[in-house]
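# Structure at a glance
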Amino acid sequence: GRCYLYMKTIERAAFPRRLWERVLLSKNYEKALEEIDENLIYWPRFIRHKCKQRFTKITQYLIRIRKLTLKRQRKIVPLRRKIERREKRREEKALVAAQLDNAIEKELLERLKQDTYGDIYNFPIHAFDKALQQQEAESESESDAEKEEEDEEDVDQREFVEADDSDISDFEDMDKLETSSEEEEEEVEKKASRSKPKGKTPLKGPARRKRPYIEIEYEEETEPSAKTKAA
Amino acid sequence: EKLALKKKRRKEREALGDKAPPKAIPKTIENQRVYDETTVDPNDEEVAFDEATDEFAPYFNRQTVPKILITTSDRPRGRTVRFCEQLSTVIPNSHVYYRRGLALKKIIPQCIARDFTDLIVINEDRKIPNGLVLSHLPDGPTAHFRMSSVRLRKEIKPTEHVPEVILNNFTTRLGHSVGRMFAALFPHDPQFIGRQVATFHNQRDYIFFRFHRYIFKSEKKVGIQELGPRFTLKLRSLQKGTFDSKFGEYEWIHKRREMDTSRRKFHL
């Protein structure tokens, strides 16, 4: 960007083409100021001063432009309103169609079934049903295995619960879930135990002894949090 | 009038009893989806071979541990800053660095030198985040997304355990590679004690991200509690190498004129 000095002389107002006179100013800032001075020599002082001020401003912004073009430029892309509305609408519909919560729950349950979690989660009812429904010849070995499982279960569940003790705030929210689920579990367990009186009592003996023990454990653990809730 | 028709049909079905024709399945967009030839078959050999040899192989072979750098565009505003912080708590082993006018091309060699595996840049517009650039660093693919409906987290914070990852519905080849990019963000061994799960669910080309905490109430029921931010992404372009807007080799660009014409055609 080079700067030119344009001068207008009123004598030439009749010829618009020759109205403005052009002088090329030098690139050197100080020399250009001198050139302005010598060109506008008989013009009033105020106008000369203003002209020089303008020239200063112009050179400064030219310098800034050159610097900015070297840096990264931000490209401004216009949004199209129609397209944007379309996308928004489609997104909402996709969200509804997705049913995320159900999908996540299904996925988690599938992973549970496929045993990716290993032995952390043990549900006594289901394991018990499976054990009964499968071959009865294996009942003894299974009862032993179950005893072991249930031993591990106690230990695991104790760890499980203790690990969660640290986030009591979470627990307060989950409390409702857990107490209700625990009630369900108790009811289901009781029903299961009642519905199979014809089953093998020797099998049930140790199991029954263990189960109320587990229930008591849960109740103890949830009590303090209930107290904190009340407090 | 429709109700009358329905009632009639139901009566007919009941009257016929066993011989009734099977129930009509309602048409949904997912049902009517135009068949995409690049759909991945789980048993596809070529795909399996590709996966073993592409840029994510070191991750899936457990040779590299993911280390992620989260940054924004210039001058991030409050919401974006908070969003960055929350993201960094969600993704383990991630660091947030602010960018004061640093060029991305200069950042990338530095990141590689410092052993980062992924770079996330959150672009901002009018004080809300609206774009995401995710690039896998040692010369990996770069994906540019448009981010919408960002919700910040309320109150509950995730713990420091490594969460599990769920990737839903990434069927085509493109979707598969994008899904693997997401999976490469998280460390390979989730800690099940933490009981946290990050979900990337793809539905009609929109990827929904959610972060939940779950408990198993019983064998068949699981309760989930949402914590952590949520956002939706739409893929705009996928580049072969690292971020390079002018000279990069684009693997896939979303062309509005061509790709948005049919309501039943999706690419992810």
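Residues numbered from 1 in each chain as written. Chains lettered and ligands numbered in written order. Predicted model: local features only at pLDDT ≥ 70, side-chain atom pairs only at ≥ 80, totals over all residues. Heavy atoms only, no water.

An unreviewed UniProt entry lists chain B under the name Ribosome production factor 1, with Buceros rhinoceros silvestris as the source organism. On record in UniProt, under Subcellular location (unreviewed entry), the comment for chain B is "Nucleus, Nucleolus". For chain B, the Function (unreviewed entry) comment in UniProt is given as "May be required for ribosome biogenesis." (UniProt positions renumbered as here; feature names shortened; annotations may be inferred.)

Looking at an unreviewed UniProt entry, one finds chain A named Protein MAK16 and attributed to Buceros rhinoceros silvestris. Here chain A is described in UniProt, under the heading Sequence similarities (unreviewed entry), as follows: "Belongs to the MAK16 family." Word for word, the UniProt comment on chain A under Subcellular location (unreviewed entry) is "Nucleus".

A few words on unusual backbone geometry. Residues and elements named next belong to chain B. You will see that D115, though not glycine, has its phi angle at about 75 degrees, which is positive. Checked against the element boundaries, D115 lands in the loop between α5 (104-113) and β3 (118-125). Even without glycine at this site, S149 takes up a positive phi of about 40 degrees. Note that S149 resides in strand β5 (residues 142-151). (Helix = DSSP H or I, 4+ residues; strand = E, 2+ residues; numbered from the N terminus.)

Among the 11 residues of helix α6 (residues 173-183) of chain B, 8 are classified as buried, and the element is accordingly described as predominantly covered. The complete set of buried residues in α6 of chain B reads L174, G175, V178, G179, R180, M181, F182 and A183 of chain B. (Buried < 20%, exposed > 50% of the residue type's maximum accessible area, 1.4 Å probe, protein only.)

The next thing to look at is the nonpolar core. Generally speaking, a soluble globular protein has its nonpolar side chains buried in company with each other. Membership of the largest hydrophobic core comes to 40 residues, with the highest contact counts inside it found for I120, I122, F145, F182 and I207 of chain B. Membership of the second largest hydrophobic core comes to 11 residues, among which are I36, L40, F55 and L62 of chain A. (Core = buried A, V, L, I, M, F, W, Y, C linked by side-chain atoms within 4.5 Å.)

Moving on, we get to the pattern of salt bridges. Within this structure, the stated rule accounts for 7 salt bridges over all chains. When the shortest N-O distance is used, the salt bridge between E87 of chain A and R146 of chain B registers 3.5 Å. On the criterion of chain membership, the pair formed by E87 of chain A in helix α3 (residues 81-98) and R146 of chain B in strand β5 is interchain, its members lying in two chains. Just as E87 of chain A is buried, R146 of chain B falls in that class too. Each member of the salt-bridge network shares a partner with another, and the members are E87 of chain A together with R146 and K234 of chain B. (Salt bridge = Lys/Arg side-chain N within 4 Å of Asp/Glu carboxyl O.)

A few words now on the interface of chain A and chain B. In this complex, chain A contributes 42 residues to the contact, which on the side of chain B involves 42 residues. Buried surface at the junction of chain A and chain B, summed over both partners, amounts to about 4200 Å²; 58% is from carbon and sulfur atoms. Taken as a group, R72, E87 and E91 of chain A account for 15% of the area that chain A buries against chain B, more than any other trio of residues on that side. Applying the counting rule to chain A against chain B returns 3 salt bridges. Here chain A is connected to chain B by 6 residue pairs in polar contact (both at pLDDT 80 or more). Those elements giving two or more residues to the side of chain A that touches chain B turn out to be α3, α4 (100-113), α6 (139-165) and α7 (168-195) of chain A. Among the residues making up the side of chain A that touches chain B, the classes are represented as 18 nonpolar, 3 polar and 21 charged. (Contact = heavy atoms within 4.5 Å. Buried area = accessible area lost by both parts, 1.4 Å probe. Polar contact = N/O pair within 3.5 Å; in protein donor to acceptor, adjacent residues only side chain to side chain. Nonpolar A, V, L, I, M, F, W, Y, C, P; charged D, E, K, R; others polar.)

Within a regular strand, side chains alternate between the sheet's two faces. All names here are of chain B. Where strand β8 (residues 206-216) and strand β9 (residues 222-226) come together, 5 bridges link them in antiparallel fashion. Among the inter-strand pairings, Y214 is bridged to a residue of β9, identified as I224. Remark: 5 residues form the turn of the hairpin made by β8 and β9, two consecutive strands paired antiparallel. (Pairing = 2+ DSSP bridges.)

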